Amino acid sequence: MTRLILSILFAISFWVLTHAIVPEVNPLIGKPSMEELEMTKYDPEPSADALILFERREEYMFYGTEGFTIKRKCTSRIKILNEAATHLGDITIPYYAPDSKNKISKITATSYNLINGKIDKTSVDHSLIFHEKLAPGFFLCKFSIPKVIEGSVIEIEYEIDCHTMTFDWEIQGEYPMLRGELDLTLPEFFSFNVTPIGSEHIELEQKVERSSMSMLNQLINCDATIIKASVNRMPSLHDDDYVFAISDYYTKLNIGIQLPRQPYQPLASTWNDLSVHFHNEWNEMKKLKNPYQDQMQSLDFSDCKNICDSVNVCADFVATRLRWNGVYNTNPGNIKKAIEEQSASNAQMNFVLMSILKDLGIKCNPIALCTRSRGVVSAAASMIASSLNTMALTFIDSDNNYHFIDCSDDYRGSDALPIDMLTSFGLIIDINNQQYHTMTTHNDVSSSRRKIDVEIIDGVAHWVADIALTRQEAAEFQHLYHKSLDHNHFISEVESQFNIDITDLTLQGMKHRSNNVRINAQFNKAVAHTDSDYDHAKAAYSAGGDRDFDHTFFFQLYEQELVIEDLPLEECPEANEQAVPMGGNMD
């Protein structure tokens, strides 16, 4: 009888887990259901702060005065489940407009709230929709939906003209999605490629129908390929400390469109076009005068052995006058205002540095980069154009070797760019000679050398360490060191973290932007077993501990809990590894 009851309970639990209650899909704009408004959580992901109820993109091609263009109609309905997601009511839509004309139309945005059992509807005021120029040809459309609170349902709909013929339909992100749809109509004289990416399933349907296309305001009858894609109950995918760009792992649909025997021309069709874009954006910077000319006498170059050392001194000087505001970009913006406020983007700091180096006779040029957090980009000019979102400076030494510098990090000198800027591609713009160079690698070779002697006496290990760090590793160590109040405080923190007793610690090369740090340390550590070691390991490898991943993986692999036991060495099981031939066919 007991076994029967347990079987019934198990069956019920399994049914509940596999048949979680979710709202009905409602694609209708302007008609939120009571079920959606009363919803307080999404059962498949109870911790989700928001749920994308419905997302739809309809796309078709037309030919106008600017050539072939994709007309894209976007519809989105979102349920706000937690106050943490109310920022989704702040909308930013990027668009490309080389002629500076607005490419976005028919914007509607509304919030719905259930107040005293009645639906309260509030729409965005069109006079409060703004267009911000990000860079020549690149704009942001910005507006905020009013009355977005926990429990709201918000709806956004707009149309946009796009010239990019290669794009991703990203259907997975930080929030789960109930239903997503894409309808794409392509005339018969276009070739195309549709590639699903990611681990979740995308339903694809493709058929040919008789259709028409607008060409210079005249309808042309033709066959067209209709591509329909859809997803249901797409789970969310969250960022991780060990992932630079979570978007690289999103489930998405990559779509490439091309005219037969003719290359498509999206944002920039050649490297020359792309260089012209940055020449236009940065042209005024070659006229920028050193804003700190009267303070240059304070710079001390006496210890400088080469041009890299001199550039590091100047970069450190800029960083003491301008604090980085946390923004990576390419647009110099209002440098005068940044100097007044003593706060600047990395681009503004780098252009100020460029003006100082120019006074010192050090030739340098800006280099456009794509941060690693933006994800992996193609090396094709058309794809990388919209991804180059930051810049650094390049300069050449007496041996004609390229070097790099960015002012935003106080501890990274030449050839030690911030981690997020360590990408495999850069576009150097010679703003004085209207030339450009593409760079596929840069000189950032970090290394460390460690010499460690250990002697164990009466259960205590006596360590003598001589460690040399360069570039990235040197910068990371300086970051850790300068977080402490002083030298003694740093020693106390390290002793506490690693349960050691430091008897001597000498550091060399700890000035800002030093690419070389030398550490000489002597410390002791008890190597005898203690209960605290066992308690720490047991807690770490338990459910919810620091090594929760290993705990879960072990259970999934062996279907039993991972157990940490405290045993004397003689009672520990013997090693049982075996070498097993796996075939080894090499033909």
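See the structure printed just above.
Quick summary incoming for the structure in this document. Note that the structure is predicted; figures quoted are calculated from it, not measured.

Thresholds applied
- Residues numbered from 1 in each chain as written.
- Predicted model: local features only at pLDDT ≥ 70, side-chain atom pairs only at ≥ 80, totals over all residues.
- Heavy atoms only, no water.
- Helix = DSSP H or I, 4+ residues; strand = E, 2+ residues; numbered from the N terminus.
- Buried < 20%, exposed > 50% of the residue type's maximum accessible area, 1.4 Å probe, protein only.
- Phe/Tyr/Trp six-rings, centres within 6.5 Å; stacked < 30°, edge-to-face > 60°.
- Salt bridge = Lys/Arg side-chain N within 4 Å of Asp/Glu carboxyl O.

### A word on unusual backbone geometry
Part 1 of the argument: In this structure, lysine 106 is a non-glycine residue whose phi angle is positive, near 55°.
Part 2 of the argument: In this structure, lysine 106 sits in strand E4 (residues 104–115).
Part 3 of the argument: What makes lysine 106 exposed here is its relative accessible area of 61%.
Part 4 of the argument: A positive phi angle, near 65°, is found at arginine 513, a position not held by glycine.
Part 5 of the argument: The residue arginine 513 is located in the loop between strand E24 (501–508) and strand E25 (516–526) in this model.

### With respect to the packing of aromatic side chains
Part 1 of the argument: In total, this model carries 11 aromatic pairs according to the counting rule given.
Part 2 of the argument: Look at phenylalanine 278 and tryptophan 282: their rings are 4.9 Å apart centre to centre, the planes differ by 35°, and that puts the pair in the tilted class. A residue pair is termed a helical-turn pair when its members lie 3 or 4 positions apart in one helix, as phenylalanine 278 and tryptophan 282 do in helix H3 (residues 271–282) at four residues. The residues phenylalanine 278 and tryptophan 282 share a single accessibility class, namely buried.
Part 3 of the argument: Here phenylalanine 549 and phenylalanine 553 contribute two aromatic rings whose centre-to-centre distance is 6.1 Å and whose plane-to-plane angle is 10°, an arrangement assigned as stacked.

### Focus on the environment of histidine 163
Part 1 of the argument: Looking at the element boundaries, histidine 163 is found in the loop between strand E8 (153–162) and strand E9 (166–170).
Part 2 of the argument: On the basis of relative accessible area, histidine 163 is assigned to the buried category, the value being 10%.
Part 3 of the argument: As for histidine 163 and threonine 69, which are separated by 94 residues in sequence, their C-alpha atoms are 5.2 Å apart.

### Overview of the pattern of salt bridges
Part 1 of the argument: For the coordinates displayed, the defined rule picks out 26 salt bridges.
Part 2 of the argument: Where glutamate 181 meets arginine 56, a salt bridge forms, and the shortest distance between an N and an O atom there is 2.4 Å. With a gap of 125 residues between them, glutamate 181 in strand E10 (residues 177–187) and arginine 56 in strand E1 (residues 50–64) connect regions that are remote in the sequence.
Part 3 of the argument: Of the residues examined, arginine 56 reaches a relative accessible area of 19% and is grouped as buried.
Part 4 of the argument: Taken together, the salt bridges that share partners define one network made up of Arg56, Glu58, Arg179, Glu181, Asp183 and Lys228.

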